[in-house]
Amino acid sequence: MLACRNIYETLRFLFFVSKIFGLAPLRFDLSSSRPDRFAILWSIFVLCLTIAFVIYVTSLEVLVQYSVIVEIVETVEEFLENLISITMILLMILNRNKIVNVTKNLSQFDNRIRNVSILPRLRTSNRKIFRFTVAAITMIFFSVALKHIIIFSFVEEKGPNSFLYNARSAISFFVYSLVLVQFCALTLVLKQKFETLNYHLLSIDFEIKHNAHKLNSRKLKFVSQLHYHLTNTSFTLNKIFSIPVLLTTLLQLVILVTALFFLIESLFINGDTAAVGLICQNSADVAFYFILSSTLIFVSSRTMEEARKSAIILHVIMTRSLSEETQLSAVNFSLQLMHHCVRFTVSNLFVIDESLIHSVLATVCAYLVIVIQFELGDKKINHK
């Protein structure tokens, strides 16, 4: 049977990279209840090292001639990057037991599914999730490398201060991107479990349709218990990554506004089409952060949609001719689905679904207009 070892094999590349940054202070040997002291100490060391590096880089003086509004936006962006890189490592240390519980619950689900015909479907899904994590982390490495190659190729002043500032930005970028990839990967594993559960429900519906008198109400109760088990796991997962997703969403909004502003200023306001490096860098930032946000929204919405499919299949089952005991089990399962809905939210402020794309675009456009107006007004005042 599939067990926790298979979950580790599915996510081993993700957690191997995350442990380097102190973001995965957990062990997959669930037979032992002893804490993984080395992983926790390593995470604390990385946290202290990050704080010291941020304090050192912040004390450096980098002379950059920008307008007031651009300096304000850059300061907010740097502050958020530093805050997020420190907060992410701290939260992963504090949420170690919760992450272990999520992994344990997912492995327990695999152990409780005894239908051998489902196992090939799970193995196929595990391979897809492994490919997703490898592709996501590869894209992060490629994006950081491309961005800094562009910076060092076109920036005239190349000093130690500039290198340290770019190194701090790269580390922060890695940290919050890896946390988002962790959330997406675990959410995909959860989606896989809901797919397995829905497949089991469809097999029950098939049995009712052809051999209703042989159906045992215990099967529906069993599926109901598994669904409740997965729903609680989704609540725990959402609670762990709620604040990290909130912080990264704020940072993405700021960076999207900043990158689009620099693009518009270079191409339309100043007409400086010769700033090829700045245009390429900001274009890459806009493309990557849009892809990152879209991936987060797509994975969360598809998992919620897969969880809602159970209610649709159950209501089809309830239209069949059922015994009194089976009908009672179906009604109880229906009430459970109504009161325990799977929703991924950001600190209960908004739901992570397709509507978030419209909210992000509307917010970015609104603040972009404000920033451009202030910039144009500042240029007129300086000109006079």
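Criteria and thresholds
Residues numbered from 1 in each chain as written. Predicted model: local features only at pLDDT ≥ 70, side-chain atom pairs only at ≥ 80, totals over all residues. Heavy atoms only, no water. UniProt positions renumbered as here; feature names shortened; annotations may be inferred. Helix = DSSP H or I, 4+ residues; strand = E, 2+ residues; numbered from the N terminus. Buried < 20%, exposed > 50% of the residue type's maximum accessible area, 1.4 Å probe, protein only. Contact = heavy atoms within 4.5 Å. Phe/Tyr/Trp six-rings, centres within 6.5 Å; stacked < 30°, edge-to-face > 60°. Patch = residues over 30% accessible without salt bridge, like charges linked within 9 Å, V, L, I, M, F, W, Y side chains within 5 Å. Areas by Shrake-Rupley, 256 points an atom, 1.4 Å probe, with all protein chains shown as cover. Salt bridge = Lys/Arg side-chain N within 4 Å of Asp/Glu carboxyl O. Polar contact = N/O pair within 3.5 Å; in protein donor to acceptor, adjacent residues only side chain to side chain. Expected span 1.5 Å × (residues − 1).

As recorded by an unreviewed UniProt entry, the protein carries the name Gustatory receptor and is attributed to Tenebrio molitor. According to UniProt, the comment filed for the protein under the heading Subcellular location (unreviewed entry) is "Cell membrane". Its UniProt record gives the protein a comment under Sequence similarities (unreviewed entry), which states: "Belongs to the insect chemoreceptor superfamily. Gustatory receptor (GR) family."

Peer 1: Help me understand the overall build of the protein, please; the structure alone is not making it clear to me.
Peer 2: Across its full length, the protein carries ten helices and zero strands. In sequence order, the protein lays out its α and β elements as α-α-α-α-α-α-α-α-α-α. Counting across all 384 residues of the protein, residues that qualify as buried make up 49%. Within the protein, contacts between residues separated by at least 24 positions form 85% of all contacts whose residues are at least 6 apart in sequence.

Peer 1: Is there a simple way to think about the packing of aromatic side chains in this case?
Peer 2: For any pair of aromatic rings, the description consists of the separation of the ring centres together with the inter-plane angle of the planes. Scanning the model with the defined rule gives nine aromatic pairs in all. With 5.9 Å between their ring centres and 70° between their planes, Phe173 and Tyr176 make a pair best called edge-to-face. Of this pair, Phe173 and Tyr176 are both found in helix 6 (residues 160-210), three residues apart, which corresponds to roughly one turn of the helix. Its relative accessible area of 1% is what places Tyr176 among the buried residues. With a centroid separation of 5.8 Å and an interplanar angle of 85°, the aromatic rings of Phe183 and Phe344 are classed as edge-to-face. Here Phe183, found in helix 6, pairs with Phe344, found in the loop between helix 9 (324-339) and helix 10 (355-383); they are 161 residues apart in sequence, far enough to count as distant. When its relative accessible area of 0% is taken as the criterion, Phe344 is described as buried. Members of the aromatic cluster, each reached through a chain of ring pairs, are Phe173, Tyr176, Phe288 and Tyr289.

Peer 1: Would you explain a nonpolar patch on the surface in this entry?
Peer 2: Together, Phe38, Trp42, Phe45 and Leu49 make up a nonpolar patch on the protein surface, roughly 470 Å² of accessible area in all. Relative to the elements of secondary structure, Leu49 occurs in helix 2 (residues 37-59). For Leu49, a relative accessible area of 52% translates into the label exposed.

Peer 1: How should I be thinking about the side chain of Thr248 in this particular structure?
Peer 2: With respect to the helices and strands, the residue Thr248 is situated in helix 7 (residues 217-269). Within the local environment of Thr248, its side chain forms a polar contact with the backbone oxygen of Pro244, the two atoms lying 2.9 Å apart.

Peer 1: In this structure, what is going on with helix 4 (residues 96-112)? I would like to understand it.
Peer 2: Residues spaced three or four apart along an α-helix face the same direction, because each turn holds 3.6 residues. Along its 17 residues, helix 4 runs 25 Å from first to last C-alpha, staying within 8% of the 24 Å computed at 1.5 Å per residue. Turning to helix 4, its buried residues number three or more, namely Arg96, Ile99, Val100, Val102, Thr103, Asn105, Leu106, Ser107, Phe109 and Asp110.

Peer 1: Even after reading the chapter, I still don't get the environment of Ile149, so can you show me in this structure?
Peer 2: Turning to its location among the elements, Ile149 is positioned in helix 5 (residues 119-154). By relative accessible area, Ile149 is classed as exposed at 52%. With 132 residues separating them in the primary sequence, Ile149 and Gln281 have C-alpha atoms 9.5 Å apart.

Peer 1: So what exactly am I meant to see when it comes to the UniProt feature "transmembrane region" (unreviewed entry) in the protein here?
Peer 2: When the UniProt feature table is mapped onto this chain, "transmembrane region" (unreviewed entry) is found at residues 6-26, 38-59, 129-150, 170-190, 240-264, 276-299 and 356-374. Segment residues 170-190 splits into 100% helix and 0% strand. End C-alpha atoms: 30 Å apart. Along residues 240-264 the backbone is 100% helical and 0% strand, and the end-to-end C-alpha distance reaches 38 Å.

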